Amino acid sequence: MLTARDCSQTCGLADLLNLSYKRIGKHYGKNKIIKLTGLVFRAFQLMPAVLREKPDLALSHGSRSQLILASMLGIPSVIIFDYEHATMLPLAHPKWVIVPEVIPDNAIKLNKRQILKYPGIKEDVYVPNFVPDSSVKNSLGLGEEDLVITIRPPAIEAHYHNPKSEQLFEAAVPILVKEIMCE
């Protein structure tokens, strides 16, 4: 059973890849109290599907709602994350975590036997054989020789947001545009 929270481009990407999933929950914004309420609410939204499907294992990339529900129902869980400052929830702990090898063990508040590591970064896991689709440029009215630069904007609603990231983003974009225009 695959679920997706309606947040960012998650459902759009799942649709693009024709994945069969259940859309459950949404993003609750920046406010920490509302975000925490939404976290617990999504855990309860997941419950009917989980009780119906009876999974043997819960696997997610950072879903705290899933972790809460798995802990409540006694389902072993694996959580994947790629952020060394991610914090564990007080009463909901995964059986294992999977992280890039660059994240030190002491950054994860679990027993070393519960920490599984992989080489590289998360993109090496989910797009290891990525080959750009040249038809995308054509559909955007771009030529083969046109340069495409992709920048992830600051995650302004994430718990780890740092306002300096917005300043860096706003400073970088004009520099990149100027460089491209000079070529």
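The following refers to the structure shown. (Residues numbered from 1 in each chain as written. Predicted model: local features only at pLDDT ≥ 70, side-chain atom pairs only at ≥ 80, totals over all residues. Heavy atoms only, no water.)

**Here we look at helix 2 (residues 32-53)**
For clarity, the cut-off: Counting from the N terminus, the helices are DSSP H or I runs at least four residues long and the strands are E runs at least two residues long. To estimate the expected span of a helix, count its residues, drop one, and scale the result by 1.5 Å. Note that the bend at a residue is defined as the angle between axes fitted to the seven residues ending at it and the seven residues starting at it. Accessible area is worked out with a 1.4 Å probe on protein chains only. A residue is then buried under 20% of its type maximum, exposed over 50%, and partly exposed in between. In what follows, residue pairs with any heavy atoms lying within 4.5 Å of each other are defined as contacts. Here a polar contact means two N or O atoms within 3.5 Å. Within protein one must be a hydrogen donor candidate and the other an acceptor candidate, and residues neighboring in sequence count only if both atoms are side-chain atoms.
With 22 residues, helix 2 extends 31 Å from end C-alpha to end C-alpha; this agrees with the ideal 32 Å at 1.5 Å per step. At M47, helix 2 shows its maximal kink, close to 35°; a proline, P48, follows between one and four residues later. Regarding helix 2, the residues found buried are G38, L39, R42, A43, L46, A49 and V50. The inward-facing, buried residues of helix 2 contact strand 1 (3-6), strand 2 (22-26) and helix 3 (64-73). If you check the start of helix 2, you find a side-chain oxygen 2.9 Å away from the backbone N of I33, and it comes from N31. K54 occupies a position one or two residues after helix 2 and carries a positive phi of about 50°.

**Notes on helix 3**
For helix 3, the set of buried residues is S65, Q66, L67, I68, L69 and A70. Contact partners of the buried residues in helix 3: helix 2, strand 3 (58-60) and strand 4 (77-80). Phi turns positive one or two residues past the end of helix 3, at G74, with a value near 70°.

**Considering the sheet that holds strand 6 (residues 115-118)**
We apply this condition: Two strands qualify as a pair provided DSSP detects at least 2 bridges between them. Here an axis means a line fitted to C-alpha atoms, over the contact stretch when the element is a helix, while the angle between two N-to-C directions is reported on a 0 to 180 degree scale.
Taken in spatial order, the four strands of this open sheet run 3-4-5-6, and their pairing is parallel. A single partner strand is all that each edge strand has here, and the edge strands are strand 3 and strand 6. Sheet twist, expressed as the mean angle between neighbouring strand axes with direction ignored, is 15°. Here strand 4 pairs with strand 5 (residues 96-100) via three bridges, running parallel. Note that in strand 5 the partner of V78 across the bridge is W96. Where helix 3 meets the sheet, it contacts strand 3 and strand 4, and its direction lies at approximately 165° from that of strand 3.

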